Amino acid sequence: MEKLDIKNLKINFWKFKFLGIGTLGICFLTPDEKVLKIFLNKYRIARLKEFHPDLVEHFSNINSLGNDTYMVPEKLLMRGNEVVGYLAAFGKGRRISNFSGDLRVRKIISAYDVLTEDTQKISEQKFRLSDVHNGNILYDEELNHFSCIDLDKGSIEGESLTSDAIMRMNMRAINDCIICSLFGVNILYKTINFYDYDLQKLYEEVTLRDYSAIGDFFAYLFEVTRENDPTISMLHREKRKILSVNPVEDYYNRLF
């Protein structure tokens, strides 16, 4: 994986588009449509090192995972021997919870096949996702495609977990995030409980046990809402009639 000395880079932040700031770093979009992520300070780098002591090896492992869905770091930014950031592929799209108007739920879930196939690929490489939340799974309406970004906190698992087990963990987390996003609920701060008993059971099934039952969940959701193909705005509008929202008790644990 290519390393770039940050001292030799001519970074003009005035020409970059600010994308956001997270628990580890701040992100910009460069003129050539790459994501530039700079870690905020030595404390944040040390926090990441608690989980991944060799950051060069860690990001090199992530770099090998890239596919159409998972946007990986491409070049490391170094200050001496220390990793201080990276350049990554840009995942086009928006948070699902930010969509409004007439975007249909069936169109979004029709992109699930490719998402599942690409998640299978990274799971076969023993990569377990972490930090799966609304801001890290994007949806492009024009391409009808998901992009998963900010893979920093994920990890290559050892022999104690099989690829199938990792796939189940990855997809259950993705299912939970997408379902929450459809109702405009931030999974980092809130949990949801459906009032309909059978819908709640299906939700628990696809987020705790069998991720592949996601089709059954949505089929029954359409029955509950009495809409064959609800829009995102309809789910946001009717949310209080369908589910309750509760604070997350282990918010800080979800960050890593």
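None of the values given here were measured: they were computed from a predicted structure.

Conventions used here
Residues numbered from 1 in each chain as written. Predicted model: local features only at pLDDT ≥ 70, side-chain atom pairs only at ≥ 80, totals over all residues. Heavy atoms only, no water. Pairing = 2+ DSSP bridges. Helix = DSSP H or I, 4+ residues; strand = E, 2+ residues; numbered from the N terminus. Axes fitted to C-alpha atoms, helices over the stretch in contact; angles between N-to-C directions. Contact = heavy atoms within 4.5 Å. Salt bridge = Lys/Arg side-chain N within 4 Å of Asp/Glu carboxyl O. Buried < 20%, exposed > 50% of the residue type's maximum accessible area, 1.4 Å probe, protein only. Core = buried A, V, L, I, M, F, W, Y, C linked by side-chain atoms within 4.5 Å.

Observations regarding the sheet that holds strand 3 (residues 25-29)
Right, so step 1: Spatial strand order, 1-5-6-4-3-2: six strands in an open sheet with mixed pairing. Either end of the sheet is taken by a strand with one partner, and the two such strands are strand 1 (2-5) and strand 2 (17-21). When strand polarity is set aside, the average angle formed by the axes of neighbouring strands in this sheet is 25°.
Right, so step 2: Strand contacts of helix 1 (residues 42-51): strand 4 (34-39) and strand 6 (82-89), with the helix running at about 85° to strand 6, the strand carrying the most contacts.
Right, so step 3: Along the sheet, helix 2 (residues 55-63) contacts strand 1, strand 4, strand 5 (73-79) and strand 6; its crossing angle with strand 5, the most-contacted strand, is approximately 165°.

As for the pattern of salt bridges
Right, so step 1: Scanning the entire structure with this criterion turns up ten salt bridges.
Right, so step 2: Notably, a salt bridge pairs Arg209 with Glu205, separated by 2.9 Å at the nearest N-O pair. Residue Arg209 and its partner Glu205 are both found in helix 6 (residues 197-209); the two are separated by four residues, about one turn of the helix.
Right, so step 3: Arg209 sits in the partly exposed class, given a relative accessible area of 42%.
Right, so step 4: By sharing partners, the salt bridges in this structure join Lys37, Asp150 and Asp152 into a single network.

Examining the nonpolar core
Right, so step 1: Among the nonpolar cores identified, the biggest contains 70 residues, and Phe146, Phe194 and Phe217 are the most heavily contacted of them.
Right, so step 2: At eight residues, the largest contribution of residues to this core is made by helix 5 (residues 163-182).
Right, so step 3: Excluding its chain neighbours within four sequence positions, the residues that come into contact with Phe146 are Asp68, Thr69, Ile96, Ile108, Ala111, Tyr112, Leu115, Ile137, Leu138, Tyr139 and Ile178.

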